[in-house]
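# Residue-level structural notes
Residues per chain are reported as follows:
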Amino acid sequence: MTDEDRLLPIANVGRLMKQILPTNAKISKEAKQTVQECATEFISFVTCEASDKCHRENRKTVNGDDIWWALSTLGLDNYADAVGRHLHKYREAERERAESNKSSNDSENEREQNNKSDLQNQPTGFVRVLEKGSSSSAR
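How each quantity is defined
Residues numbered from 1 in each chain as written. Predicted model: local features only at pLDDT ≥ 70, side-chain atom pairs only at ≥ 80, totals over all residues. Heavy atoms only, no water. Helix = DSSP H or I, 4+ residues; strand = E, 2+ residues; numbered from the N terminus. Buried < 20%, exposed > 50% of the residue type's maximum accessible area, 1.4 Å probe, protein only. Contact = heavy atoms within 4.5 Å. Areas by Shrake-Rupley, 256 points an atom, 1.4 Å probe, with all protein chains shown as cover. Phe/Tyr/Trp six-rings, centres within 6.5 Å; stacked < 30°, edge-to-face > 60°. Lys NZ or Arg CZ within 6 Å of the ring centre and 35° of its normal. Salt bridge = Lys/Arg side-chain N within 4 Å of Asp/Glu carboxyl O. Expected span 1.5 Å × (residues − 1).

Glancing now at the overall build of the chain. Per the secondary structure count, the chain includes 6 helices and 0 strands. In sequence order, the chain lays out its α and β elements as α-α-α-α-α-α. The buried share of the chain, reckoned over its 139 residues, is 13%. Here the contacts in the chain between residues at least 6 apart in sequence split such that 31% fall between residues at least 24 apart. Accessible surface, the chain as shown: approximately 11,400 Å² in total, 50% of it carbon and sulfur.

This is how it looks when you write it as structure tokens:
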């Protein structure tokens, strides 16, 4: 694998750097490359530690808790705290989204049940027309 393949995209690094700096600030190519290499190395370092933990536990998937653990283990407590807060917020949002989807599905199921109930209360000829999808009158 070439260096270019393992490094974060320089455009993304530059974009992140610009978000932090004042709007009139300039960033040299050398500065972008330096941050690109440092950020890539940092991510690799933390990911390697998390991956080793997963390997010891016979797991194939690195998750957010593994990254949090790796940051803590490596003594990067400020980063670990930030990741821990992010994981907590992410999981809350996912839980709320799941509950919202469940309540939407429950409402939809209730509407379907009401529609079926309404059809059952209609005269038989009318139901046959609806079931056939015909617009002609019942015979």
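After presenting the structure, the write-up continues.
Following the criterion strictly, the structure yields 1 aromatic pair and no others. Taking 5.3 Å as the distance between ring centres and 50° as the angle between the ring planes, the aromatic pair formed by phenylalanine 42 and tyrosine 79 counts as tilted. Of this pair, phenylalanine 42 sits in helix α3 (residues 29-56) while tyrosine 79 sits in helix α5 (residues 77-120), and the two are 37 residues apart along the sequence. Assessed through its relative accessible area of 33%, phenylalanine 42 is described here as partly exposed. Here the basic side chain of lysine 53 rests over the ring of tryptophan 69, its NZ or CZ set 5.5 Å away from the ring centre.

Considering all chains together, one arrives at 6 salt bridges under this definition. The salt bridge partner of lysine 53 is glutamate 57, with a shortest N-O separation of 3.1 Å. Among the residues examined, glutamate 57 registers a relative accessible area of 40% and is labelled partly exposed. The shortest N-O distance in the salt bridge between glutamate 94 and arginine 97 comes to 2.9 Å. Here the residue glutamate 94 and the residue arginine 97 both occupy positions in helix α5, the gap between them amounting to 3 residues, near one helical turn. Classification of glutamate 94 by relative accessible area gives partly exposed; the value is 29%. The exposure class of arginine 97 is partly exposed, given its relative accessible area of 46%. Among the charged side chains, a salt-bridge network with shared partners connects Lys53, Glu57, Arg59 and Asp66.

Moving on to α3. If you check α3, its first and last C-alpha atoms are 40 Å apart, about what 28 residues at 1.5 Å a residue would give, namely 40 Å. Of the positions making up α3, those classed as buried are Gln36, Thr40, Val46, Ala50, Lys53 and Cys54. The first or second residue beyond α3 is asparagine 58, which carries a positive phi of 55°.

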